[in-house]
Amino acid sequence: MKLRSFKPLGAVLAAGLISLSAATGVARAADSTQPIVIPIHNWSSQIVMAYVLGGMFESMGNNVEYVPADSQAVYESIRNGDVTISHEVWQSTFGKSFYNAMQKGGVIDAGTHSATTLEEMGVPNWVIEQNLCPGLPNWEALADCHENFTTADSGGKGRWLEGPQSWHGDLMPERLEALGLADKWTVKFAGGADALWTELASAKKEGRGTIVFNWTPNFTDADGFTFIEFPEYYEGCRKSDGGDGKCGSPKGWLKKAANYKFPRTHPAAYTAFSRVDFSTKQIGEMAALVDTDKMDHKDAAKKWLADNEGVWQPWVK
Ligand code: TMO
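Residues numbered from 1 in each chain as written. Predicted model: local features only at pLDDT ≥ 70, side-chain atom pairs only at ≥ 80, totals over all residues. Heavy atoms only, no water.

Participant: Talk me through the overall build of the protein; I want residue IDs and the actual numbers.
Facilitator: Tallying secondary structure elements over the protein gives 13 helices and ten strands in all. Oriented by its inertia axes, the alpha-carbon framework of the protein measures out at about 80 × 45 × 25 Å. Taken across its 317 residues, the protein has 49% of its residues classed as buried. Considering only residue pairs separated by 6 or more positions, the protein has 73% of its internal contacts joining residues 24 or more positions apart. As presented, the protein carries roughly 15000 Å² of accessible surface, and 53% of it is formed by carbon and sulfur atoms. (Helix = DSSP H or I, 4+ residues; strand = E, 2+ residues; numbered from the N terminus. Buried < 20%, exposed > 50% of the residue type's maximum accessible area, 1.4 Å probe, protein only. Contact = heavy atoms within 4.5 Å. Areas by Shrake-Rupley, 256 points an atom, 1.4 Å probe, with all protein chains shown as cover.)

Participant: Describe helix 2 (residues 44-59), naming the residues involved and giving the relevant values.
Facilitator: The end-to-end C-alpha distance of helix 2, which contains 16 residues, comes to 23 Å, matching closely the 22 Å that a straight helix rising 1.5 Å per residue would cover. Of all 16 residues that make up helix 2, 14 are buried, and the element is covered over most of its length. Looking one or two residues past helix 2, Gly-61 carries a phi angle of roughly 90°, positive in sign. (Expected span 1.5 Å × (residues − 1).)

Participant: Describe the sheet that holds strand 5 (residues 118-124), with residues and values.
Facilitator: The five strands are arranged 7-6-8-5-9 in an open sheet whose pairing can be described as mixed. Two strands lie at the open edges of the sheet, namely strand 7 (185-189) and strand 9 (225-227), each paired on one side alone. Adjacent strand axes in the sheet meet at a mean angle of 40°, parallel and antiparallel pairs treated alike. For strand 5 and strand 8 (residues 211-216), the ladder comprises five bridges, and the chain directions are antiparallel. Across the sheet, residue Leu-118 finds its bridge partner in strand 8, namely Thr-216. The sheet contacts of helix 7 (residues 171-178) involve strand 5, strand 6 (158-162), strand 7 and strand 8, and relative to strand 7 the element is tilted by about 175°. Running over the sheet, helix 8 (residues 193-206) touches strand 5, strand 6, strand 8 and strand 9 and is turned about 120° from strand 8. (Pairing = 2+ DSSP bridges. Axes fitted to C-alpha atoms, helices over the stretch in contact; angles between N-to-C directions.)

Participant: If you had to explain helix 11 (residues 280-291) to someone new, which residues and values would you point to?
Facilitator: Given a rise of 1.5 Å per residue, twelve residues ought to cover 16 Å, and the 16 Å separating the end C-alpha atoms of helix 11 matches this to within 8%. Taken across its twelve residues, helix 11 has nine buried, putting it largely inside the fold. All buried positions along helix 11 are accounted for by Gln-282, Ile-283, Gly-284, Met-286, Ala-287, Ala-288, Leu-289, Val-290 and Asp-291. Contact partners of the buried residues in helix 11: helix 2, strand 3 (85-90), helix 8, strand 10 (254-259), helix 12 (297-307) and helix 13 (309-316).

Participant: I'd love a proper account of the site of the ligand, names of residues and values included.
Facilitator: Around the ligand sit Trp-43, Trp-90, Phe-94, Glu-119, Trp-167, Phe-213 and Trp-215, and those are all the residues in its vicinity. Here an oxygen atom of the ligand and a side-chain polar atom of Glu-119 are 2.6 Å apart. Coverage of the ligand by the protein chains reaches 100% of its 210 Å² of free accessible surface. With respect to the pocket detection grid, the ligand is positioned in the largest cavity. Here the shell around the ligand is composed, by residue class, of six nonpolar, no polar and one charged. Each of two domains, domain 1 (11-116 + 252-316) and domain 2 (118-241), supplies a minimum of three residues to the shell around the ligand. (Near = heavy atom within 4 Å. Polar contact = N/O pair within 3.5 Å; in protein donor to acceptor, adjacent residues only side chain to side chain. 1 Å grid on protein atoms, 1.4 Å probe; cavity = no way out; pocket = protein on both sides within 12 Å on 5 of 7 lines; lining within 4 Å. Sits in = over half its atoms within 2 Å of the grid points. Nonpolar A, V, L, I, M, F, W, Y, C, P; charged D, E, K, R; others polar. Domains from an automatic or database assignment.)

Participant: Could you give me a rundown of empty space enclosed by the protein, with the residues and numbers involved?
Facilitator: Across all of its chains, the model carries three cavities of 30 Å³ or more by this definition. Taken as a whole, the largest cavity spans an internal volume of roughly 80 Å³. Residues belonging to the lining of the largest cavity are distributed by class as follows: six nonpolar, two polar and one charged. When residues of the lining of the largest cavity are assigned to domains, at least three map to each of domain 1 (11-116 + 252-316) and domain 2 (118-241). Lining the second largest cavity are Leu-171, Glu-174, Arg-175, Arg-238, Lys-239, Gly-245 and Cys-247. Grouping the constituent residues of the lining of the second largest cavity by class yields two nonpolar, one polar and four charged. (Points joined across faces, edges and corners; volume = space filled by probe spheres on them.)

Participant: Can you tell me about the sheet that holds strand 10, naming the residues and giving the values?
Facilitator: With antiparallel pairing, three strands are arranged side by side in an open sheet as 3-10-4. Edge positions in the sheet fall to strand 3 and strand 4 (107-112), since each has one partner strand and no second. Adjacent strand axes in the sheet meet at a mean angle of 30°, parallel and antiparallel pairs treated alike. Across four bridges, the pairing between strand 3 and strand 10 is antiparallel. Each bridged residue has a counterpart across the sheet, and for Ile-85 the counterpart in strand 10 is Ala-258. Along the sheet, helix 10 (residues 267-275) contacts strand 3, strand 4 and strand 10; its crossing angle with strand 10, the most-contacted strand, is approximately 165°.

Participant: An account of the packing of aromatic side chains is needed here, citing residue identities and associated values.
Facilitator: For any pair of aromatic rings, geometry is given as the distance between the ring centres together with the angle between the planes. Under the defined criterion, the tally for this structure stands at 21 aromatic pairs. Centroid distance Phe-98 to Trp-253: 6.3 Å. Interplanar angle 75°. Geometry classified as edge-to-face. A residue pair is termed long-range when its members are at least 10 positions apart, and Phe-98 in helix 4 (residues 91-104) and Trp-253 in the loop between strand 9 and strand 10 qualify at 155 residues. Grouping residues by exposure puts Phe-98 and Trp-253 together as buried. Three or more aromatic residues link up through ring pairs in this structure, and these residues are Trp-43, Tyr-75, Phe-94, Phe-98, Tyr-99, Trp-167, Trp-197, Phe-213, Trp-215, Phe-219 and Trp-253. One Lys or Arg, Lys-255, reaches over the ring of Trp-253 and ends 5.4 Å from the middle of that ring. One cation-aromatic arrangement involves Lys-256 over Phe-273; the distance from NZ or CZ to the ring centre is 5.6 Å. (Phe/Tyr/Trp six-rings, centres within 6.5 Å; stacked < 30°, edge-to-face > 60°. Lys NZ or Arg CZ within 6 Å of the ring centre and 35° of its normal.)

Spatial relationships are all this shows, so hold off on functional conclusions.
Dropping the structure here:
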């Protein structure tokens, strides 16, 4: 009974609002004043891009909040609304967590960047030029060269310096095992991305071989870095997905994710976010501002926004 008496009133109000907005040219509701919550992870392009997007949203009058977040658990946080977006969803490392959260409900796919991705073990080009592992980048070369890649902590085996374990757990130890390389190679996890770049610099200085986890787009795209070519990835090949583990990483996509309410709470910001599309070169440059030019992440984002108004202004219009 109550509902019945409410409906006509609602319909009258809605009709009034529609004619009002038609008369004044107001096309849609304004964005909520609630902050758009942007996660901060632990690699440079992601952090710079977080502040780039935050700056874009602020230029539209939105409020923004940044939260440090685990790069796997963040998809559950987006699902339940604690975090609003993820702007670098890397297929190889986060595809599974992203789709798991989407399946549970609450996360939407907000589009794909033009940049394609690879997250893989590799070597700086000078390792190949100095012939420290003849046959690279083919992975089978690893059967014969581990002596050139030992370190004080590697127990006589060659060392793979992986990224932080929070990125992909035991993927690389499992791969060494699956490919029959575990008696010659061992995995150490870096404490953070900076440890990978420090290792590249010190190995070069000491003239010793080094194999590190790396990715593209990254600042190293401009530096000369070669990814090892492992047996091709296919859906389900990883140990963690029930496969035999004898595969490398996919040549993957880079997506954007959002909480399902974002298009309704912040329609203008969501529209802008859905238009955001970065290339390999642009993302590599964002990383380089920090890792090559040694800028602070926030300053790097400010510089990027100032230098690239022609790129992002059309997105926020
Ligand atoms: C997720 N990452 C780009 C570090 O591989």
